[in-house]
Amino acid sequence: MATCFLILLGDSVARACIVPSKFLPARVNQHVAIIRANDKANNLFLLAWLQANKGILLKLASSGATRNALTKRMLENLDVNLPPIDVQNKVAAFIDSIQAKITLNTKLNGYLEEQCEAVANHEKGLAVELSSLCDLVKEKADYNEADFDTYVSTESLLPGKKGRQAPSSLPQTGKVTVYKAGDILVSNIRPYFKKIWYADRTGTCSGDVLVFRAKQPEQSGYLYSCMRSDAFFDYVMKGAKGTKMPRGDKKQMLTYKVASNPSGATVDFIESALSQASSSSKENHRLAALRDNLLPKLMSGEIDVSKVDLKQLNSHLA
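Residues numbered from 1 in each chain as written. Predicted model: local features only at pLDDT ≥ 70, side-chain atom pairs only at ≥ 80, totals over all residues. Heavy atoms only, no water.

Turning next to the overall build of the protein chain. Looking only at helices and strands, the protein chain has nine helices and twelve strands in total. In the protein chain, buried positions account for 44% of the 318 residues. Considering only contacts in the protein chain between residues 6 or more positions apart, those separated by 24 or more positions represent 74%. Of the roughly 17600 Å² that the protein chain leaves accessible, carbon and sulfur atoms contribute 51%. (Helix = DSSP H or I, 4+ residues; strand = E, 2+ residues; numbered from the N terminus. Buried < 20%, exposed > 50% of the residue type's maximum accessible area, 1.4 Å probe, protein only. Contact = heavy atoms within 4.5 Å. Areas by Shrake-Rupley, 256 points an atom, 1.4 Å probe, with all protein chains shown as cover.)

Here it is, written out as structure tokens:
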């Protein structure tokens, strides 16, 4: 079957997702349009074009009389500027090369963090409550201190312990919480999504993101690995309040028990693994920036794609 991807329609268009076929569910409802390129278009190029022109989709959606919504007819009538297929194929190969490295780094990071979690959970010291080893950060700053590189919201924290991505928007009023490198950020809304991130920078976050700071900085990676476990999120859900959008109880979270005084070997292993994961994440950020900066110029022809040496690029990324 030809490769395809989907676009969310309806009210969700304000946060439209364009998803490659490997992530497609077996069935989709009427609020999803499935796109499959014909022989005039490279599917990956078309996907990239739509992602780069998401603003056009949002503008179309806002043209509705009663609510913001895309329709399949709007998509069918959308004018897409496609270069010759050989150019599309070369641009797609460029995208694929960078994305392959990003995917590899992401998988490696997942493996490293899972190993850290396993090592932390094997500690057999005296069990103590989290409150003995860390505090909840209460430091605040004005909303205008937030920026896209460092701001963290519940939306920008990824489910399934996958870290963070850039937020789609910044706060316009009020206060934000200040976090530092080594802090542990946990979404307090719908804890069952298991949204957690080990900060590798200083920044700000929304009030719905809780910031835990180790009392002994050298234990921060260890505490993150303990809190990353399914057992922690299961514990949080037991104390959560609310049905449709449950929220964790801050005081109850701090009663979760972990082994105190982790061994030096455990602390050293976790610190090394998380440092490597942080380096890979930063490389992913640089690669994504390279892709996003070059892609519009390659797609428009401003940069001649034939001048891009894919063999050299692949050798470098390897």
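On to the sheet that holds strand β8 (residues 184-187). Read from one edge of the open sheet, four strands run β5-β11-β8-β9, paired in antiparallel fashion. Unpaired on one side and paired on the other, β5 (134-136) and β9 (196-198) mark the two borders of the sheet. Mean inter-strand twist for the sheet, computed between neighbouring axes without regard to direction, equals 25 degrees. With four bridges connecting them, β8 and strand β11 (residues 209-214) associate as antiparallel partners. Residue pairing across strands places Val186 opposite Leu210, the latter belonging to β11. Across the sheet, helix α5 (residues 220-227) lies against β5, β8, β9 and β11, angled at about 165 degrees from β9, the strand it touches most. (Pairing = 2+ DSSP bridges. Axes fitted to C-alpha atoms, helices over the stretch in contact; angles between N-to-C directions.)

In this section: the sheet that holds strand β7 (residues 175-179). An order of β6-β7-β10 is seen for the three strands of this open sheet, with the pairing classed as antiparallel. With partners counted over all chains shown, the strands left at the sheet margins are β6 (140-142) and β10 (203-205), one partner each. Each neighbouring strand pair of the sheet contributes to a mean axis angle of 50 degrees, computed without reference to strand direction. Alignment of β6 against β7, held across three bridges, turns out to be antiparallel. Bridge assignment links Lys140 to a residue of β7, and that residue is Thr177.

Further remarks concern the packing of aromatic side chains. Under the criterion given, the structure shown has six aromatic pairs. With a centroid separation of 5.7 Å and an interplanar angle of 85 degrees, the aromatic rings of Tyr179 and Trp197 are classed as edge-to-face. Taken as a pair, Tyr179 in strand β7 and Trp197 in strand β9 lie far apart in primary sequence, 18 residues in all. For Tyr179, a relative accessible area of 0% corresponds to the buried category. Taken together, the aromatic side chains of Phe232, Phe233, Tyr235 and Tyr256 make up a single cluster linked through ring pairs. The ring centre of Trp197 lies 5.3 Å from the NZ or CZ of Arg164, which sits over that ring. (Phe/Tyr/Trp six-rings, centres within 6.5 Å; stacked < 30°, edge-to-face > 60°. Lys NZ or Arg CZ within 6 Å of the ring centre and 35° of its normal.)

Structurally, the position occupied by Thr106 is in helix α4 (residues 85-121). With relative accessibility at 41%, the residue Thr106 sits in the partly exposed group. Once the C-alpha coordinates of Thr106 and Asn284 are considered, the two residues, 178 residues apart in sequence, prove to be 8.1 Å apart.

So, on to the pattern of salt bridges. Applying the stated criterion to the full structure yields 13 salt bridges. As a salt-bridge pair, Asp200 and Arg201 come within 2.7 Å of each other at their nearest N and O atoms. Classification of Arg201 as partly exposed rests on a relative accessible area of 25%. (Salt bridge = Lys/Arg side-chain N within 4 Å of Asp/Glu carboxyl O.)

This paragraph deals with the side chain of Asn42. Relative to the helices and strands, Asn42 resides in the loop between β3 (32-35) and α1 (43-52). Of note is the side chain of Asn42, whose polar atom sits 2.9 Å from the side chain of Asn89. The residues contacting Asn42, other than those within four sequence positions of it, are Ala37, Ile85, Gln88, Asn89 and Ala92. (Polar contact = N/O pair within 3.5 Å; in protein donor to acceptor, adjacent residues only side chain to side chain.)

With that out of the way, let us pick up the nonpolar core. In this structure, Leu130, Ile184, Phe212, Tyr222, Leu223, Met227 and Val258 are the most contacted members of the largest nonpolar core, which totals 31 residues. By residue number, the principal contributor to this core is α5, which donates five residues. Residues Phe45, Ala48, Trp49 and Ile98 belong to the second largest nonpolar core, which totals 25 residues. (Core = buried A, V, L, I, M, F, W, Y, C linked by side-chain atoms within 4.5 Å.)

Neither face of β8 is left uncovered, since the one carrying Ile184 and Val186 and the one carrying Leu185 and Ser187 both have all their residues buried. Bridge count for β8 against β9 is three bridges, and the pairing is antiparallel. Looking at β9, one finds that Leu185 is bridged to Trp197.

Here the focus is the packing of α5 against helix α8 (residues 264-300). Taken N-terminus to C-terminus, the directions of α5 and α8 make an angle of 80 degrees; their axes are 8 Å apart at the nearest point. When the axes of α5 and α8 are compared, the pair comes out roughly perpendicular. Taken together, the residues of α8 that come into contact with α5 (itself represented by Gly221, Tyr222, Tyr224 and Ser225) are Thr266, Ile270 and Leu274. (Parallel < 35°, antiparallel > 145°, perpendicular 65-115°, else oblique.)

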